[in-house]
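Commentary on secondary and tertiary structure
For reference, the chains in residue letters:
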Amino acid sequence: MKRPAQKQVKPLRKKPELSLRARALQCLARREYSRAELRAKLLPYVPAEEDFEQSQPVDLDALLEDLTARGWLSDARATTQLVHAKRSRFGTQRITHELRQRGIAEELIDAALPALKESELDAAREVWQRKFGTAPQDAKEKAKQMRFLQSRGFSMDVIFKVLKLSSAMEGD
């Protein structure tokens, strides 16, 4: 019995190790990052001090400073981008929480709050309309709708306004 000829398997070529700067630029090309987010993302790739292969030591903070100075890394842009992306689905509380998680400075969050609060009622009404569309018929359904809007980060006064408006529109 004859065995089929085995193919010669070529060893896979290893991809060259990306520099820290190249990794940072790849990340920034995809979306805006805050300084804290990008630092956390790049930290696992910082070479250990025992690595003597590295011809020049890489300082992560210096790299982040350079990216910020060139205008490629901006917490303000990251804030604007996140607020714009989340505004139609989430309330002020949820968006503020996400901004804090991403390491955005309180001054930038405070600057974004007035615009968020201004459009919160409209956003809550849109979210409620997409999910439910009709006023609650009983207390159980009203509680369900309130919990949903709360989980999306809308404040209780906004939730009450949305439900009051919905029941007023149903009554007309």
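Structure's up top.
So, a few notes on the structure that sits alongside this text. (Residues numbered from 1 in each chain as written. Predicted model: local features only at pLDDT ≥ 70, side-chain atom pairs only at ≥ 80, totals over all residues. Heavy atoms only, no water.)

1. Let's talk about the overall build of the chain
- Within the chain, the secondary structure is distributed over eight helices and zero strands.
- The secondary structure elements of the chain, listed N-terminal to C-terminal, are α-α-α-α-α-α-α-α.
- Taking all 172 residues of the chain together, 30% fall into the buried category.
- Look at the contacts in the chain between residues 6 or more apart in sequence, and 62% of them connect residues 24 or more apart.
- When the accessible surface of the chain is summed, it comes to about 12500 Å², and 53% of that surface belongs to carbon and sulfur atoms. (Helix = DSSP H or I, 4+ residues; strand = E, 2+ residues; numbered from the N terminus. Buried < 20%, exposed > 50% of the residue type's maximum accessible area, 1.4 Å probe, protein only. Contact = heavy atoms within 4.5 Å. Areas by Shrake-Rupley, 256 points an atom, 1.4 Å probe, with all protein chains shown as cover.)

2. With respect to helix α4 (residues 75-86)
- The end-to-end C-alpha distance of α4 is 16 Å, a good match for the 16 Å that twelve residues give at a rise of 1.5 Å each.
- For α4, the set of buried residues is A78, T79, L82, V83 and K86. Taken around the axis of α4, the buried residues stretch over an arc of 125°, which confines them to a single face. Turned more than 90 degrees away from the buried face of α4, the exposed residues are T80 and H84. (Expected span 1.5 Å × (residues − 1). Arc of directions from axis to C-beta.)

3. Some thoughts on the packing of aromatic side chains
- With the rule as written, the count across this model stands at one aromatic pair.
- Across from the ring centre of Y33, 4.0 Å away, lies the NZ or CZ of R31, which sits over that ring. (Phe/Tyr/Trp six-rings, centres within 6.5 Å; stacked < 30°, edge-to-face > 60°. Lys NZ or Arg CZ within 6 Å of the ring centre and 35° of its normal.)

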